[in-house]
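A closer look at the structure
Residues per chain are reported as follows:
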Amino acid sequence: MAEITLKSLAHTYLADPTSSEDYAIREMDHVWHQGGAYALLGPSGCGKSTLLNIISGLLEPSSGEVLFDGELVNDMPPEARNIAQVFQFPVVYDTMTVYDNLAFPLRNVKTPEARVHERVMEVADVLELTAQLKRKAKNLTADEKQKVSMGRGLVRDDVAAILFDEPLTVIDPQLKWKLRRKLKEIHQRFGVTMIYVTHDQLEASTFADKIAVMYEGQIVQFGTPRELFEEPRHTFVGYFIGSPGMNFLDVVMSDGRVMSGDAELVVGQHICDAVAHADSSNIKLGIRPEFIEVHPEPIEGGMEARVDYAQDLGTFSIVHLMLGNVVLKARIAEDQATPSSKAWLRFPDDRLGLYIDEYRVESGHE
Ligand SMILES: Nc1ncnc2c1ncn2[C@@H]1O[C@H](COP(=O)(O)OP(=O)(O)OP(=O)(O)O)[C@@H](O)[C@H]1O
């Protein structure tokens, strides 16, 4: 097992990059601590696979350093890095039995047969493959093949880390959930560093203790699922995490008032001061749909809004609102009255985030 450090790492696939947009990985520093269960979460094309391939050595970065336990590994080939990688699609030897497939990575490093047997049986047990051990891999279903592929990644206990690149894509939805829990269990049992790539927030938060959210080649936040939900450091994290995502209101200061579109916002003095002193014209206030207070009657400090419509989703409703010409979504619990045409909104001070140039700034909550 190892601590993996990325120092001033950047990668471009172009021969002559001219701007930061030409980089699949924009310069970053990051540490994956030994033994952690991590997710690398982000939309398609943000650079997740590129980053994994740089860690495993399949790809050489354009600049920067990759260190395992402080040792520079940039020039080390993938086989010497001791990294197990599980890909989106199964990598199995069709003509071998399941047992031999699972044993392969161990025999490859000359593990004694008694130990091979012990580990194969242990991994087969966790992945519920024991009954299939004697079958040829070519006769397995796609789900079973991917389980074998994952097993091959998990079977060695001396690896620096195991990297999973969207490993459950081909798995039947019902089995997906079960396998995610299994992976978590395996992590707890074996304690190896795991980095799990996905574009699915649910998948990331069921597996990982900490999630790195990637956007346009950068890790914009690294935190627990709760931190990402409660204090998104970047507007992208706000949009991407949560369902629906965070509301963001473009704001400006006008005659001493904080305005969003044609609506005056009722916010604390420290927010007014921060907006007034911001050194940018890209200023947003963010608030999660869960944290907007929605009142059916006028209330002190309430901002009058029009109710467009409400979606009843069983245990809660999503109310679509217009505050002046600004569209907002609020989430209301089932036991709370859903307003029909008008509502009065309050933004609790401690739930508001101020974002300047897309990054959250501390606004000095009182
Ligand atoms: N071999 C390559 N040659 C050129 N450009 C590439 C290559 N591989 C990836 N890219 C580009 O690099 C960027 C990052 O791609 P990458 O595959 O790392 O993203 P990703 O987050 O893993 O996406 P996905 O979830 O779709 O796999 C994208 O713009 C992609 O088009």
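Calculation notes
Residues numbered from 1 in each chain as written. Predicted model: local features only at pLDDT ≥ 70, side-chain atom pairs only at ≥ 80, totals over all residues. Heavy atoms only, no water. Helix = DSSP H or I, 4+ residues; strand = E, 2+ residues; numbered from the N terminus. Buried < 20%, exposed > 50% of the residue type's maximum accessible area, 1.4 Å probe, protein only. Contact = heavy atoms within 4.5 Å. Areas by Shrake-Rupley, 256 points an atom, 1.4 Å probe, with all protein chains shown as cover. Lys, Arg positive; Asp, Glu negative; His and termini not counted. Charge placed at Lys NZ, Arg CZ, Asp CG, Glu CD. Expected span 1.5 Å × (residues − 1). Near = heavy atom within 4 Å. Polar contact = N/O pair within 3.5 Å; in protein donor to acceptor, adjacent residues only side chain to side chain. Nonpolar A, V, L, I, M, F, W, Y, C, P; charged D, E, K, R; others polar. Phe/Tyr/Trp six-rings, centres within 6.5 Å; stacked < 30°, edge-to-face > 60°. Lys NZ or Arg CZ within 6 Å of the ring centre and 35° of its normal. Axes fitted to C-alpha atoms, helices over the stretch in contact; angles between N-to-C directions. UniProt positions renumbered as here; feature names shortened; annotations may be inferred. Pairing = 2+ DSSP bridges.

1. Re the overall build of the chain
A tally of regular secondary structure across the chain gives 10 helices and 22 strands. With the principal axes as the frame, the chain shows a C-alpha extent of 75 × 50 × 35 Å. The burial tally for the chain puts 51% of its 366 residues in the buried class. Once local pairs closer than 6 in sequence are excluded, the contacts in the chain between residues at least 24 apart make up 67%. A total of about 17,100 Å² of accessible surface is found on the chain, and carbon and sulfur atoms cover 48% of it. Each charge sign in the chain was given a centre, from 36 positive and 55 negative side chains, and these centres are 10 Å apart.

2. Let's talk about helix α6 (residues 173–190)
Compared with an ideal rise of 1.5 Å per residue, which puts 18 residues at 26 Å, α6 spans 26 Å between its outermost C-alpha atoms and is within 8% of the ideal. Among the residues of α6, Leu175, Leu179, Arg180, Lys182, Leu183, Lys184, Ile186, His187 and Phe190 are the ones counted as buried. Of the surrounding secondary structure, the elements contacted by the buried residues of α6 are β3 (37–41), α4 (113–126), α5 (142–154), β7 (161–165), β8 (194–198) and α7 (201–207). Positive backbone phi, approximately 65°, marks glycine 191, located one or two places after α6.

3. Let's talk about the site of the ligand
Around the ligand, the structure places Tyr13, Ala24, Pro43, Ser44, Gly45, Cys46, Gly47, Lys48, Ser49, Thr50 and Glu166. Here an oxygen atom of the ligand and a backbone polar atom of glycine 45 are 2.7 Å apart. Between the ligand and the protein, one listed contact pairs an oxygen atom with a side-chain N or O atom of threonine 50 at 2.5 Å. The fraction of the free accessible surface of the ligand (630 Å²) that becomes covered by protein chains is 52%. A per-class count over the shell around the ligand returns 4 nonpolar, 5 polar and 2 charged.

4. Let's talk about unusual backbone geometry
Omega for the peptide link from serine 243 to proline 244 comes to -5°, which places this bond in the cis form. For proline 244, the location among the structural elements is in the loop between α9 (235–240) and β11 (247–250). Here serine 8, not a glycine, exhibits a phi torsion of approximately 45°, which is positive. Looking at serine 8, the relative accessible area reads 32%, which means it is partly exposed. Backbone geometry places glutamate 128, a non-glycine residue, at a positive phi of 55°.

5. Here we look at α5
Residues lying three or four places apart along an α-helix face the same way, a consequence of the helix completing one turn every 3.6 residues. If you check α5, its first and last C-alpha atoms are 18 Å apart, about what 13 residues at 1.5 Å a residue would give, namely 18 Å. Taken across its 13 residues, α5 has 12 buried, putting it largely inside the fold.

6. With respect to the environment of methionine 76
Tracing the backbone shows methionine 76 in the loop between β5 (71–72) and α2 (78–81). Methionine 76 sits in the partly exposed class, given a relative accessible area of 24%. Along the backbone, methionine 76 and arginine 115 are 39 residues apart, and their C-alpha atoms lie at a distance of 27 Å.

7. Topic: the packing of aromatic side chains
For the coordinates displayed, the defined rule picks out 11 aromatic pairs. Arranged with centres 5.9 Å apart and planes meeting at 70°, the rings of phenylalanine 229 and phenylalanine 291 form a pair that is edge-to-face. One end of the pair, phenylalanine 229, is in helix α8 (residues 225–230); the other, phenylalanine 291, is in the loop between β15 (283–287) and β16 (293–295), and 62 residues separate them in sequence. Under the relative-accessibility criterion, phenylalanine 291 is labelled buried at 14%. Every member of this aromatic cluster is reached through a ring pair, and the members are Trp32, Tyr38 and Phe222. One cation-aromatic arrangement involves arginine 331 over phenylalanine 316; the distance from NZ or CZ to the ring centre is 3.5 Å. Looking at arginine 351, its charged tip hangs above the ring of phenylalanine 291, at a distance of 3.8 Å from the centre.

8. Focus: the packing of α4 against α6
Relative to each other, α4 and α6 sit at 145°, their axes nearing to 10 Å. Along the contact surface, α4 presents Arg119, Glu122, Val123, Asp125 and Val126, while α6 presents Lys182, Ile186, Arg189 and Phe190. Its residues placed into classes, the contact of α4 with α6 shows 4 nonpolar, no polar and 5 charged.

9. Comments concerning the UniProt feature "domain: ABC transporter" (unreviewed entry) in the chain
According to UniProt, the feature "domain: ABC transporter" (unreviewed entry) maps to residues 4–241 in the numbering used here. The span residues 4–241 is 37% helix and 23% strand, and its two end C-alpha atoms sit 26 Å from each other.

10. Comments concerning the pairing of strand β4 (residues 63–68)
Within a regular strand, side chains alternate between the sheet's two faces. Sheet analysis places strand β1 (residues 4–11) next to β4, joined by 5 bridges and oriented antiparallel. Following the sheet pairing, threonine 5 is matched in β4 by leucine 67. Pairing of β4 with β5 involves 2 bridges; the strand directions are antiparallel. Across the sheet, the residue bridging to leucine 67 is leucine 72, located in β5. Counting the residues between successive antiparallel strands, the hairpin from β4 to β5 contains 2 residues, one of them, aspartate 69, with a positive phi of roughly 45°.

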